Amino acid sequence: MNNDISILAQFLENLGPEVSGRSSEPLTQEQIEQIHSFAEGNLSEEARESLLPKILENEKALHELVSRLQNS
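Being a predicted model, the structure only gives us computed values, none of them experimental.

Cut-offs used in this document
Residues numbered from 1 in each chain as written. Predicted model: local features only at pLDDT ≥ 70, side-chain atom pairs only at ≥ 80, totals over all residues. Heavy atoms only, no water. Core = buried A, V, L, I, M, F, W, Y, C linked by side-chain atoms within 4.5 Å. Buried < 20%, exposed > 50% of the residue type's maximum accessible area, 1.4 Å probe, protein only. Contact = heavy atoms within 4.5 Å. Axes fitted to C-alpha atoms, helices over the stretch in contact; angles between N-to-C directions. Helix = DSSP H or I, 4+ residues; strand = E, 2+ residues; numbered from the N terminus. Left-handed = near helix turned anticlockwise from the far one by under 90°. Nonpolar A, V, L, I, M, F, W, Y, C, P; charged D, E, K, R; others polar.

**Focus on the nonpolar core**
Then, in step 1: Formed by 13 residues in total, the largest nonpolar core has its most connected members in Ile35, Phe38, Leu51, Ile55, Leu65 and Leu69.
Then, in step 2: Beyond its immediate sequence surroundings of up to four residues, Ile35 is in contact with Leu27, Leu51, Ile55, Ala61, Glu64 and Leu65.

Right under this line is the structure:
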């Protein structure tokens with residue numbers, strides 16, 4: 001799982017400027033907790049597959065995920 005997170009972190013870091021046109025709606029506390037669980041590898045495969053598109057659609061969610069991964 002750690003290798004999957006490393007690959008995802010590298011991918012997300014490369015998205016930088018390209019995601020600026022995406023949604024930047026504020027995240028709820030529940031969304032932040034889900035992102036943290038995702039980053040820590042504490043979600044089932046089904047939950048990860050469900051959450052990832054939501055993360056990729058929201059610039060703030062992407063930044064939250066990258067920040068959490070970098071601090072881990």
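**Comments concerning the packing of helix H2 (residues 29-40) against helix H3 (residues 45-56)**
Then, in step 1: Contact pair H2 / H3: the axes reach a minimum separation of 11 Å and the direction vectors enclose 120 degrees. Every pair of crossing elements has a handedness; the one defined by H2 and H3 is left-handed. Across from Gln34, Ile35 and Phe38 in H2, the residues of H3 making contact are Arg48, Leu51, Leu52 and Ile55.
Then, in step 2: Partitioned by chemical class, the residues of the contact of H2 with H3 number 5 nonpolar, 1 polar and 1 charged.

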